[in-house]
Amino acid sequence: MEHQPALERVTPRLAEDAERSPAEVLAIVSESFLGAGGTSGALFGLWFGRLAKGSAEPWASAELARVVVDATAAVQRLGGAQVGHKTMVDAMVPATAALDESRDLPWRAAVAAAAVAAAEGAASTEQIVAVRGRASYIGERARGVIDPGALAVAWFFAAADEVAA
């Protein structure tokens, strides 16, 4: 069986029908990550799956915050990572906090705050030694490298911010 990255699995499925709610799109992304294998595939699959439990209608800031809080908590429960462990959680938690604090703001402002927080969280992983995840296997050699999972989360929120603009 040929390995296909998760997001490459998403594109053809989304091309089938352009009329999808955010929850439907996120469910497809979740399934694609779960099918990709590996620990990050399972964790991203879980995260996107929990995000997919949001309303079928376009989301207000409070709804977005609710599903991201739930999704991030699920990843932390399953993976056991905390901020400072040099994992995707280093970007998820600050983005989640920014969204939670922005519940009463317009959607665009909430997403922009989450994008900034996720980028800062990802950048914070560069100079730390990993405690969890694959990078923990190589110790000091991971210092100086941004955690790929945290970077992917930051890109997700940056893309959402770009679309919202």
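Quick summary incoming for the structure in this document. All values derive from a computational prediction rather than experimental measurement.

1. Comments concerning the environment of Leu151
Consideration 1: The residue Leu151 is located in helix α7 (residues 148-164) in this model.
Consideration 2: Looking at Leu151, the relative accessible area reads 27%, which means it is partly exposed.
Consideration 3: Considering only alpha carbons, one finds Leu151 and Arg132, 19 residues apart in sequence, at a separation of 16 Å.
Consideration 4: Once residues lying within four places of it in the same chain are set aside, the contact partners of Leu151 are Ala122 and Ile146.

2. Side note on the side chain of Glu63
Consideration 1: For Glu63, the position within the fold is in helix α4 (residues 61-79).
Consideration 2: Leave out the neighbours within four places in its chain, and Glu63 touches Gly54 and Ser55.

3. Thoughts on unusual backbone geometry
Glycine aside, a negative phi is what most residues show, and trans is what most peptide bonds show.
Consideration 1: Phi is positive for Lys86, which is not a glycine, with a value near 65°.
Consideration 2: Assignment of secondary structure puts Lys86 in the loop between α4 and α5 (89-101).

4. A word on helix α6 (residues 107-124)
Consideration 1: The end-to-end C-alpha distance of α6 is 26 Å, a good match for the 26 Å that 18 residues give at a rise of 1.5 Å each.
Consideration 2: Within α6, burial applies to Ala110, Val111, Ala114, Ala115, Ala117, Ala118, Gly121 and Ala122.
Consideration 3: Considering only its buried residues, α6 is in contact with α4, α5 and α7.

5. What about the packing of α6 against α7?
Consideration 1: Where α6 meets α7, the closest approach of the two axes is 8 Å, and the angle between their N-to-C directions is 155°. Relative to α7, the element α6 is oriented roughly antiparallel. In the crossing of α6 with α7, the sense of the turn from one axis to the other is left-handed. Here Trp107, Arg108, Val111, Ala112, Ala114, Ala115, Ala118, Ala119 and Ala122 of α6 come into contact with α7, specifically with Ala150, Leu151, Val153, Ala154, Phe157, Ala158, Ala160, Asp161 and Ala164.
Consideration 2: Looking at the contact of α6 with α7 residue by residue, the classes come out as 16 nonpolar, no polar and two charged.

6. Some points on the pattern of salt bridges
Consideration 1: Evaluated as defined, the whole model comprises four salt bridges.
Consideration 2: Of the charged contacts, one joins Asp100 and Arg103 as a salt bridge, the two residues approaching to 2.5 Å between their closest N and O atoms.
Consideration 3: According to the relative accessible area criterion, Arg103 is partly exposed, its value standing at 33%.
Consideration 4: A salt bridge links Asp161 to Arg108, with the shortest nitrogen-to-oxygen separation between them at 2.4 Å.

Rules used in this analysis
Residues numbered from 1 in each chain as written. Predicted model: local features only at pLDDT ≥ 70, side-chain atom pairs only at ≥ 80, totals over all residues. Heavy atoms only, no water. Helix = DSSP H or I, 4+ residues; strand = E, 2+ residues; numbered from the N terminus. Buried < 20%, exposed > 50% of the residue type's maximum accessible area, 1.4 Å probe, protein only. Contact = heavy atoms within 4.5 Å. Expected span 1.5 Å × (residues − 1). Axes fitted to C-alpha atoms, helices over the stretch in contact; angles between N-to-C directions. Parallel < 35°, antiparallel > 145°, perpendicular 65-115°, else oblique. Left-handed = near helix turned anticlockwise from the far one by under 90°. Nonpolar A, V, L, I, M, F, W, Y, C, P; charged D, E, K, R; others polar. Salt bridge = Lys/Arg side-chain N within 4 Å of Asp/Glu carboxyl O.

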